[in-house]
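Here's the letter readout for the chains.
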Amino acid sequence: MNPYHESNRTRWDAAAAKWKAMIDRRGAWREAPSRPELAFAEQEMKYFSGIAGNKVAVLGSGDNMAVFAFAGMGARVTSVDISEKQLENARERAEALGLAVEFLQADVTGLSALPDAAFDLVYTGGHVAVWVSNLQQYYSEAVRILRPGGLFLVNEYHPFRRIWKKGLGKLEVEVSYYNRGPFRYDYSNDILEPEAGSYPCYEFHWTVSDLIQAMLCPGCRLIEAAEFGTHVGDWEAAPLEGLPEWLLLVGRKE
Ligand SMILES: C[S@@+](CC[C@H](N)C(=O)[O-])C[C@H]1O[C@@H](n2cnc3c(N)ncnc32)[C@H](O)[C@@H]1O
């Protein structure tokens, strides 16, 4: 058992109810099956044209927007998350949407419940790597469960955005870009209002080259890298205009 991940799992379980309420307020999950563009950028969508009937795994599935969008496009989807509570909420929503999705509670660094070469596409990202202490193992597992020729898509919150002080109205580095952590925070059960609380959790600030290097694991060929996005969320509390929002990496299993 990885102690960092175990703490993070406990926090995500505790935070799942408030996270669910927030996603319900947004409501977009109801539309994700018919409007996949709510879950994916156009830079990603171009990889999904022949996805109907394909087997897809989403790792660190969280709000499951990606899962519901893939299922709506006709893919057979396995949704993997470390938090049983997050998965319970997603299971309820899949039922409400009439989608057949497989759910698996697992750590992305240990996917032994999934066989080798079982998937046509593995998708992950949108703030998952930040919770994972061993990026190489995470991405190697993703590649192991892909069939030869299958695609591995990572679309992560861009590492350049994690290093700034919040609430200053100008950019000032808080932690060096090269400091990967682990950063321990004692949070409450509210992900969106991370006031101090009793849940220790651990974050990891991977750099752009860390993410690329992890994807270049044996048997995976990088076929695209792209940076895009301009939106700055209220929660970011720093003037990030002009910095990329997302880092997309696409690999093909040899
Ligand atoms: C912010 S969500 C990211 C997913 C999605 N983009 C979203 O916005 O909901 C983070 C998810 O990663 C999961 N997670 C964190 N660490 C994990 C790990 N080691 N293995 C599997 N899932 C993990 C959490 O339980 C949570 O549901």
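Residues numbered from 1 in each chain as written. Predicted model: local features only at pLDDT ≥ 70, side-chain atom pairs only at ≥ 80, totals over all residues. Heavy atoms only, no water.

The final tally for this structure, using the stated rule, is 18 salt bridges. Note that Glu92 is salt-bridged to Lys20, the shortest N-O span being 3.6 Å. Of this pair, Glu92 sits in helix H4 (residues 84-97) while Lys20 sits in helix H1 (residues 3-26), and the two are 72 residues apart along the sequence. Among the residues examined, Lys20 registers a relative accessible area of 21% and is labelled partly exposed. Across the pair Glu141 and Arg144 runs a salt bridge, and its minimum N-O distance is 2.7 Å. You can see Glu141 and its partner Arg144 sitting in helix H5 (residues 135-144), three residues apart, about one turn around the helix. You can call Glu141 buried: its relative accessible area is 13%. Connected through shared salt-bridge partners, Lys20, Asp24, Glu92 and Arg93 make up one network. (Salt bridge = Lys/Arg side-chain N within 4 Å of Asp/Glu carboxyl O. Helix = DSSP H or I, 4+ residues; strand = E, 2+ residues; numbered from the N terminus. Buried < 20%, exposed > 50% of the residue type's maximum accessible area, 1.4 Å probe, protein only.)

Moving on, we get to the environment of Arg9. As for its placement among the helices and strands, Arg9 is situated in helix H1. Separated by 38 residues in the primary sequence, Arg9 and Tyr47 place their C-alpha atoms 31 Å from one another. Setting aside chain neighbours within four positions, we find Arg9 in contact with Ile82, Ser83 and Gln105. (Contact = heavy atoms within 4.5 Å.)

It is worth spelling out the packing of H1 against H4 at this point. For the pair H1 and H4, interaxial distance at closest approach is 7 Å and the crossing angle is 30°. Here H1 lies roughly parallel to H4, going by the angle between them. Facing Trp12, Asp13, Ala16, Trp19, Lys20, Ile23 and Asp24 of H1, the residues of H4 in contact are Glu84, Lys85, Gln86, Asn89, Glu92 and Arg93. Taken together, the residues of the contact of H1 with H4 break down into four nonpolar, two polar and seven charged. (Axes fitted to C-alpha atoms, helices over the stretch in contact; angles between N-to-C directions. Parallel < 35°, antiparallel > 145°, perpendicular 65-115°, else oblique. Nonpolar A, V, L, I, M, F, W, Y, C, P; charged D, E, K, R; others polar.)

Right, let's talk about the site of the ligand for a bit. Lining the immediate surroundings of the ligand are 18 residues, of which Asp63, Asp81, Gln86, Val108 and Gly126 lie closest. Between the ligand and Gly125 there is a distance of 3.4 Å, counted from a nitrogen atom to a backbone nitrogen or oxygen. Within the complex, 92% of the 590 Å² of free accessible area of the ligand lies under protein. By residue number, the principal contributor to the shell around the ligand is H1, which donates three residues. (Near = heavy atom within 4 Å. Polar contact = N/O pair within 3.5 Å; in protein donor to acceptor, adjacent residues only side chain to side chain. Areas by Shrake-Rupley, 256 points an atom, 1.4 Å probe, with all protein chains shown as cover.)

Evaluation of the coordinates by the stated rule reveals 18 aromatic pairs. Between the aromatic rings of Phe204 and Trp206, the centroid separation amounts to 6.0 Å while the plane-to-plane angle is 10°, which identifies the pairing as stacked. By relative accessible area, which is 4% here, Phe204 ends up buried. For Trp206, a relative accessible area of 18% puts it in the buried group. Joined through ring pairs, the aromatic side chains of Tyr4, Tyr202, Phe204 and Trp206 make up one cluster. (Phe/Tyr/Trp six-rings, centres within 6.5 Å; stacked < 30°, edge-to-face > 60°.)

Let us now look at the confidence of the model for the chain. Taken residue by residue, the chain gives an average pLDDT of 96. The fraction at 70 or more is 100%. Averaged pLDDT values for the elements of the chain fall to 93 in strand E6 (residues 183-187) and rise to 99 in strand E1 (residues 55-59). (pLDDT = per-residue confidence, 0-100.)

With that settled, the discussion passes to the nonpolar core. Membership of the largest hydrophobic core comes to 42 residues, with the highest contact counts inside it found for Phe48, Phe70, Leu121, Tyr123 and Leu153. Of all the elements in the fold, those that place two or more residues in this core are H1, E1, helix H3 (65-72), H4, strand E4 (119-125), strand E5 (146-157), strand E8 (220-228) and strand E9 (246-253). By residue number, the principal contributor to this core is H3, which donates seven residues. The residues touching Phe70, leaving out its near neighbours within four places in the chain, are Phe40, Phe48, Ile51, Val56, Val58, Ala75, Val77, Leu121 and Tyr123. (Core = buried A, V, L, I, M, F, W, Y, C linked by side-chain atoms within 4.5 Å.)

This next bit is on the pairing of E4. Counting buried positions along E4 yields seven of seven residues, so the element is predominantly enclosed. Of the strand pairs in this sheet, E1 and E4 are connected by four bridges, and their pairing is parallel. Across the sheet, the residue bridging to Val58 is Tyr123, located in E4. Crossover E4 to E5 through H5 is right-handed. (Pairing = 2+ DSSP bridges. Right-handed = clockwise from strand over helix to strand, strands pointing away.)

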